[in-house]
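One letter stands for each residue in the lines below.
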Amino acid sequence: MDRVPVLKIGEILLVSIQIDLDDQTALQLQEDLSDRIVETGAHGVVIDISALEIVDSFIGRMLSTIAAVSRVLDAETVVVGMRPAVAITLVELGLSLNGVRTALNVDKALEILAEAKQVRGVGVLTVRGSDDVPL
Amino acid sequence: MTELEEPQRLPIADDKDVVRVRQAVRVIALAAKLPLVDQTKLVTAASELARNTLIHGGGGHALVGQVHNGRRAGVRAEFVDTGPGIADLDLAFTDGYTTGSGLGLGLSGSRRLVDEFEIVTAAGEGTRITVTKWAR
Ligand SMILES: Nc1ncnc2c1ncn2[C@@H]1O[C@H](COP(=O)(O)OP(=O)(O)O)[C@@H](O)[C@H]1O
Ligand SMILES: [Mg+2]
């Protein structure tokens, strides 16, 4: 089965979806991410969907579920890189991506997560090793 | 109705088949020169309908290909199953209505995403849904 890799960069988990997700692989990613949040104590999750040509109701629900589950596990999720054509289609499909924070790119997502962490009074985010990762 | 030209017949028996159907639809949409947003809408609708064929219809197949209306090109996809059929269409097309665990947006949403939407179904008779998107 296909598996989407989950990278840990400092206190952030980064997922870049580079394949056309079948439903089983999407559910597996949902599970893998919850496990990794608990394992690593990550306070943020960034999901890069810039390679996704469509987001249908199943993938949309996966994104909402990941956002909700991560929040319960004390981590914030930000989805980045949605293509304009995908955004237009989502609206017409009727999908609202409830509770999902979005940002235009990974840099913006990291800013949002750094702020979220400060608001919670935990301190300032440092992203170790981010230079080595092609974002 | 205009004829489906050189249709491809694709089985819908598992998750991977749903991915194959949307990839095939994208290739045809590119060949028919649909604008990017329309390609995206059609492929998204195809993904929803293929999943319904699999989950609710118990599996079936898709027929995909180009159509022409005079000089205008379009892309058509048909989704066919011999499952339980849909007894109450008004209910099934209500946003958020599901008999399963989905979001209930597949039927209503995909109808909004295409130019033509035709459904033939009855309780116990299976379901056939045909959608078409025309190049501008
Ligand atoms: N091919 C089909 N065969 C039988 N029932 C179907 C089929 N497609 C859709 N339905 C019925 O219509 C309902 C709504 O479908 P849809 O809008 O795609 O939502 P979802 O798939 O999330 O349930 C389904 O829950 C199911 O009861
Ligand atoms: Mg559906």
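Since the model is a prediction, treat every value here as computed from it, not as a measurement.

1. Overview of the UniProt feature "domain: Histidine kinase/HSP90-like ATPase" (unreviewed entry) in chain B
Then, number 1: Taken from the UniProt record, the annotation "domain: Histidine kinase/HSP90-like ATPase" (unreviewed entry) applies to residues 37–136 of chain B.
Then, number 2: Annotated as residues 37–136 of chain B, this span is 31% helix and 34% strand, and its ends, taken at the C-alpha atoms, are 11 Å apart.

2. What about the pattern of salt bridges?
Side chains that differ in sign of charge can pair as their charged atoms come close.
Then, number 1: Under the counting rule described, the total for this entry stands at 21 salt bridges over all chains.
Then, number 2: Among the ionic pairs, glutamate 11 of chain A bridges to lysine 117 of chain A, the shortest N-O distance being 2.4 Å. Placement of glutamate 11 of chain A in the loop between strand 1 (6–9) and strand 2 (12–16) and of lysine 117 of chain A in helix 4 (residues 106–119) is noted, with a sequence separation of 106 residues between them.
Then, number 3: Residue glutamate 11 of chain A is classed as partly exposed on the basis of its relative accessible area of 25%.
Then, number 4: The residue glutamate 92 of chain A makes a salt bridge to lysine 41 of chain B at a minimum N-O spacing of 3.0 Å. Of this pair, glutamate 92 of chain A sits in helix 3 (residues 84–93) while lysine 41 of chain B sits in helix 2 (residues 36–55), each in a different chain.
Then, number 5: Given a relative accessible area of 25%, glutamate 92 of chain A falls into the partly exposed group.
Then, number 6: The exposure class of lysine 41 of chain B is buried, given its relative accessible area of 11%.
Then, number 7: Connected through salt bridges with shared partners, the residues Asp20, Asp23 and Asp56 of chain A together with Arg22, Glu48 and Arg51 of chain B form a single ionic network.

Calculation notes
Residue numbering note: each chain is counted from 1, following its sequence as written. Chains carry letters and ligands carry numbers; both start at the beginning, A for chains and 1 for ligands, and go up in the order they are written. With the structure being a predicted model, the display of local features is reserved for residues of pLDDT at least 70 and the display and counting of side-chain atom pairs for 80 or more, all residues being used for whole-chain, interface and lining totals. The side-chain quantities take in all heavy atoms of the structure and omit both hydrogens and water. UniProt positions are given in the numbering used here, feature names are shortened, and annotations may be inferred rather than shown by experiment. The helix count covers DSSP runs of H or I at least four residues long, the strand count covers runs of E at least two residues long, and both are numbered beginning at the N terminus. Every case where a carboxyl oxygen of Asp or Glu lies within 4 Å of a side-chain nitrogen of Lys or Arg is listed as a salt bridge. Whether a residue is buried, partly exposed or exposed follows from its accessible area with a 1.4 Å probe, protein chains only, as a fraction of its type maximum: under 20%, in between, or over 50%, in that order.

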